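Listed here are the chains, written in short residue letters.
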Amino acid sequence: MRLVPLLVSGIITTGLIVALNQPWGAVPPLGSFLSPQHGCWQNAEPVDQSYTLDLNFPALKEKVEVYFDSRMVPHVFAQNDHDLYFVQGYLHAKFRLWQMEFQTHAAAGRLSEILGAGPEDAILNNDRNMRRIGMVFGAKKSLAQMESDETTKTVLDSYTAGVNAFIENCTQAELPLEYRLLNYAPERWTNLKTALFLKYMSYDLSGDENDIEYTNAKSVFTKAVFDKLYPAQPDSLDPILPRGTAFPASPVHAITPLTADSVYFNWKQPVPIQSMPKPDKDNGSNNWAVAGAKTASGAPILCSDPHLGLNLPSLWYEMQLSTPQGNAYGVSFPGSPAIIIGFTDQIAWGVTNSSRDVKDYYTVRFKDESRQQYWMDSSWHSSVVEVEHIKVKGRPDFKDTVAYTYFGPVQYDASFTGSKRTSGNINLAVRWKAHDPSNELKTFYLLNRATNYDDYHNAIKNFSCPGQNFVFAAKNNDIAIWQQGEFPDKWERQGDFVMPGEDSSYRWQGMIPSGENPHMLNPERGFVSSANQLAADSAYPYYLGGSYNLYRGLLINRQLRNMNSITIKDMERLQTENYNVLAEAAMPLLLKYIDEDILISDEKKYLEVIRSWDLRNDPKEQGASIFSAWMQLLEAEVWSDEFENVPQPYIFPERYTLVEGMMKDSAFTFADNIKTPVVETLRDVVTAAFKKAVPQLVQAEKDGKLDWSKYKDSGIRHLLRLSPLSRYHLVTGGGSDIINATKQYHGPSWRMIVHLTEKTEAYGIFPGGQSGNPGSRFYDNMVNDWAKGVYQPLWVMKADEAGSKQVKHKMTFTK
């Protein structure tokens, strides 16, 4: 039981009885923490724990029955929407309450309340950033939109009532362990908390942009050099819509400002801040659907695996939601109603991130330090100034003044220059699509009841931010994909750099019409897919700014083109595929240019290992570790001299830019180290990078960590980063450019395969378990199978199967 080492470390500090009941900073009063009646012992569930309950709540309209199967998946049968979402809220709270509240505290910029300011005020700065980026600002606008819709207001109100029904009846002994560890109690749930959670997903999936980094690079490089370093489109692109797809000419386009050359493209001032840490750039996914013409059964198959941070408690909570009006199965977000990725009796859907840039920065010139007025279009305009009161555990409240302009909140200014203090003075307002009113919940509500393509299409029209690629398949053999969201209509390179806020002509001039978003229905090739690559080639009439993956999509499309008579097992193999397409492109170049004549013993040994590597990132492969180290050092060898004079923060070009540059030009310009008098070649840098990698590899082998699984050392961390509540050193393959995109603490957070035969056949797994309680066997019981690439059958229960052997527990909810 993982509670034991945690408890031992606490007991060692136990002293006098008086001391036991005093809080020690972030440590709880140990007397209550260790209390047999109310303390952490209550979280240790017996193996045969029963979850059968009869519950009575006056708020319910009719009886609701919930059946738990052997994996603790609840199958909820209600007679109306109000009761359905009330019970979903109750179950989320019962099994994941602390996680729900902790994540909404993070979204609202309130972690300092429960964790303190953190080392060097890191937690406080994160809270300031969340408020300054406009998380609550955007959540309140979206909540107003959701509550203006009668359907989604009912869903929200019912869900919130269910969460609070659990909280109100939760005894001290039932509190999740983390509340005891941090010595605080849960608040009442509100609809705003759900809106904040959904906004946090927008942040995670659309909060990564490179405006500041690109602006700093532009301050040093010419436009010609910049465009080589950061091309708008890679040569090897295999987009979501096949190359050569014809698009109708757009009647309206954003107009490039007259001053763009002088004050935008040729503006050479760097941005003197250290931007806050951003979401992982690999937050994305794979999804695809194959038509019945390509499957052995003649029925379509849909696959989806979202790639996100790997945490415990798990991001997802699996469940079935059934009423006479609809039946949906899949995974839900604890903190939000509905099934997010899943299937109904007739259709299935999955999502990947569009990776489009919908977050831009503008310089702001204030009249004075009061920030009450700012200059735009040759006159002073009034700003809205708000004082944020941030509660800090163990300290007085922190007051932060945030100004709101025409473009949005001022995220960075003299008082907040990011993760580190800098001497510069610049005001940057952020314009983010997530600030606008939206109702993403309506999308999932409608998808949970969808029966055909028209239902799916009508549902996703409600989805605004973050932009997603919604893949679809139905039992009538329709397959489709839409890149859905509200995307700004930008002129080329708009928003790639910080824009001048003194001129409103740099604003977003409008949104791309929804019907002109990239989409495809029943293509001749028999499949649709996406893997965070560009949606279309240069024929698409709108600018597709953003940050994209290249290699996963290349391999997925290659495999699907060549596959026929496809089965579930084929799809399982494809979702867990470890073949390295980046290495397929790069290895011939590395072996071509390395100078073997100057290698010594260990260097020759590792070269022979990688020469015989089969280009697979399987757990036992050592070639994958050598390739990873070699490529990382090659990037540094090629780019470090060019970027020496670029102010921080900056980012190196994408790896595909390096590989494609090496492919195109044996006299690759950037191979030369501009700091030396000689002209270095690809032979020089490739060899130098390899020789620098070898000492690292020798040490890794000495430590028994040269196998790829041990070298990347994947794990699943508790949200508080507590080792006893985490799972480390998992045996997994994959990597960031691999279909099985498992990095160290990031990867496939839910794998799902749905075979749309007459009786739906579905399989799935996520890296964790249904319970948020570390003392439960259902906390992490799926981790080992997930790491091995094993899938579990998803049982779609029928209302008349209450007597099935698969039912292990039953909760009955009545008035």
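Residues numbered from 1 in each chain as written. Predicted model: local features only at pLDDT ≥ 70, side-chain atom pairs only at ≥ 80, totals over all residues. Heavy atoms only, no water.

Caption draft 1: Inspection of the overall build of the protein at higher detail. For the protein, the count of helices and strands is 24 helices and 29 strands. Against the globule reference of 28 Å for 815 residues, the protein gives a C-alpha radius of gyration of 27 Å, in line with a compact fold. Along the three orthogonal principal directions, the C-alpha set of the protein runs to about 80 × 70 × 65 Å. Split into buried and exposed, the 815 residues of the protein put 61% on the buried side. For the protein, the proportion of contacts with a sequence separation of at least 24, taken over those separated by at least 6, is 72%. For the protein, the accessible surface area stands at approximately 31,000 Å², while carbon and sulfur atoms represent 52% of it. Computed over 80 positive and 94 negative side-chain charges, the inter-centroid distance for the protein is 3 Å. (Helix = DSSP H or I, 4+ residues; strand = E, 2+ residues; numbered from the N terminus. Rg over C-alpha atoms; globule rule 2.2 N^0.38 Å. Buried < 20%, exposed > 50% of the residue type's maximum accessible area, 1.4 Å probe, protein only. Contact = heavy atoms within 4.5 Å. Areas by Shrake-Rupley, 256 points an atom, 1.4 Å probe, with all protein chains shown as cover. Lys, Arg positive; Asp, Glu negative; His and termini not counted. Charge placed at Lys NZ, Arg CZ, Asp CG, Glu CD.)

Caption draft 2: Examining the packing of helix H19 (residues 601-611) against helix H22 (residues 682-702) more closely. At a minimum axis separation of 10 Å, H19 and H22 run at an interaxial angle of 85 degrees. The orientation of H19 relative to H22 falls into the category roughly perpendicular. Contacts between H19 and H22 pair Asp-602, Glu-603, Lys-605, Tyr-606 and Leu-607 from the former with Phe-690, Lys-691, Val-694, Leu-697, Val-698 and Glu-701 from the latter. Split by residue class, the contact of H19 with H22 holds 6 nonpolar, no polar and 5 charged. (Axes fitted to C-alpha atoms, helices over the stretch in contact; angles between N-to-C directions. Parallel < 35°, antiparallel > 145°, perpendicular 65-115°, else oblique. Nonpolar A, V, L, I, M, F, W, Y, C, P; charged D, E, K, R; others polar.)

Caption draft 3: Broad picture of unusual backbone geometry. Across the junction of Leu-312 and Pro-313, the peptide omega takes the value -5 degrees, indicating a cis bond. If you trace the backbone, Pro-313 turns up in the loop between strand S6 (311-312) and strand S7 (317-323). Cis rather than trans, the peptide bond between Cys-465 and Pro-466 has omega equal to 5 degrees. Tracing the chain through its elements places Pro-466 in the loop between helix H15 (453-460) and strand S18 (468-474). Backbone geometry places Glu-120, a non-glycine residue, at a positive phi of 50 degrees. For Glu-120, the position within the fold is in the loop between helix H5 (111-115) and helix H6 (122-132).

Caption draft 4: Fine view of the sheet that holds strand S20 (residues 499-500). One open sheet accounts for 4 strands, arranged S16-S17-S11-S20; its pairing is mixed. Each edge of the sheet is formed by a strand with only one pairing partner; in this case those strands are strand S16 (410-412) and S20. Inspection of the sheet shows strand S11 (residues 359-363) paired to strand S17 (residues 428-432) by 5 bridges, in the antiparallel sense. Among the inter-strand pairings, Thr-363 is bridged to a residue of S17, identified as Leu-428. Against the sheet, H6 contacts S16 and S17, and its axis sits at roughly 150 degrees relative to S16. Running over the sheet, helix H11 (residues 211-218) touches S11, S16 and S17 and is turned about 55 degrees from S11. (Pairing = 2+ DSSP bridges.)

Caption draft 5: Representation of the pattern of salt bridges within the structure. In total, this model carries 46 salt bridges according to the counting rule given. The partner of Glu-187 in a salt bridge is Lys-193, and the shortest N-O contact between them spans 2.9 Å. Relative accessible area serves as the criterion here: at 6%, Lys-193 is assigned to the buried category. For the salt bridge of Asp-227 with Arg-493, the shortest nitrogen-to-oxygen distance reads 3.2 Å. Residue Asp-227 is located in helix H12 (residues 223-229), and its partner Arg-493 is located in the loop between strand S19 (479-484) and S20; the two are separated by 266 residues in the primary sequence. Among the residues examined, Arg-493 registers a relative accessible area of 9% and is labelled buried. (Salt bridge = Lys/Arg side-chain N within 4 Å of Asp/Glu carboxyl O.)

Caption draft 6: Just helix H20 (residues 623-639), in detail. Between its terminal C-alpha atoms H20 stretches 24 Å, which fits the 24 Å expected from 17 residues at 1.5 Å a residue. With 13 of 17 residues buried, H20 lies mostly within the body of the structure. (Expected span 1.5 Å × (residues − 1).)

Caption draft 7: Here's a closer look at the sheet that holds S7. Judged by pairing direction, the sheet is mixed, and its 11 strands sit side by side in the order S1-S29-S2-S3-S7-S8-S9-S10-S18-S19-S21 without closing on themselves. Every interior strand has two partners, whereas the edge strands, strand S1 (53-56) and strand S21 (519-521), have only one. Neighbour-to-neighbour, the strand axes of the sheet open up by a mean angle of 15 degrees, direction not taken into account. Two elements, strand S10 (residues 347-353) and S18, share 7 bridges in a ladder whose sense is antiparallel. Looking at S18, one finds that Thr-352 is bridged to Asn-469. Sheet strands in contact with helix H14 (residues 440-447) are strand S9 (341-344), S10 and S18, and its direction is about 10 degrees off that of S18. In the packing of H15 onto the sheet, contacts are made with S18, S19 and S21, and the angle to S19 comes to roughly 10 degrees.

Caption draft 8: Representation of the side chain of Asn-164. By secondary structure assignment, the location of Asn-164 is in helix H8 (residues 150-169). Of the polar contacts made by the side chain of Asn-164, one reaches the backbone nitrogen of Trp-189; its length is 2.6 Å. Beyond its immediate stretch of four places on either side in the chain, Asn-164 contacts Arg-188 and Trp-189. (Polar contact = N/O pair within 3.5 Å; in protein donor to acceptor, adjacent residues only side chain to side chain.)

Caption draft 9: Spotlight on the side chain of Ser-314. Within the secondary structure, Ser-314 is located in the loop between S6 and S7. Judged by relative accessible area, Ser-314 falls into the buried class, the value being 3%. Looking at Ser-314, its side chain comes within polar contact range of the main-chain nitrogen of Gly-769, at 3.4 Å. Not counting residues within four places of it along the chain, the set of residues in contact with Ser-314 comprises Arg-96, Gln-99, Phe-766, Pro-767, Gly-768 and Gly-769.

Caption draft 10: Summary view of the pairing of S17. Burial analysis of S17 places 5 of its 5 residues in the buried class, which makes it a mostly covered element. Burial along S17 is two-sided: Leu-428, Val-430 and Trp-432 and Ala-429 and Arg-431, pointing in opposite directions, are all buried. The pairing of S16 with S17 spans 2 bridges and is antiparallel. By the bridge assignment, Tyr-412 is partnered in S17 with Leu-428.

Caption draft 11: Broad picture of the nonpolar core. Core analysis: the largest hydrophobic core is formed by 149 residues, its most contacted members being Leu-91 and Phe-813. Sorting elements by how many residues they give to this core places helix H4 (residues 81-108) first, with 15 residues. Residues contacting Phe-813, with those up to four places away along its chain left out, are Leu-55, Phe-57, Leu-60, Glu-62, Lys-63, Val-64, Val-66, Val-87 and Tyr-90. In this structure, Tyr-362, Met-376, Trp-630 and Val-638 belong to the second largest nonpolar core, which totals 92 residues. (Core = buried A, V, L, I, M, F, W, Y, C linked by side-chain atoms within 4.5 Å.)

Caption draft 12: Looking closely at the environment of Val-686. Note on placement: Val-686 falls in helix H22. For Val-686, a relative accessible area of 0% corresponds to the buried category. Counting along the chain gives 48 residues from Val-686 to Val-638, while the straight-line C-alpha distance between them is 8.9 Å. With sequence-adjacent residues up to four places away left out, Val-686 is seen in contact with Leu-590, Tyr-593, Ile-594, Trp-630, Leu-634 and Met-662.

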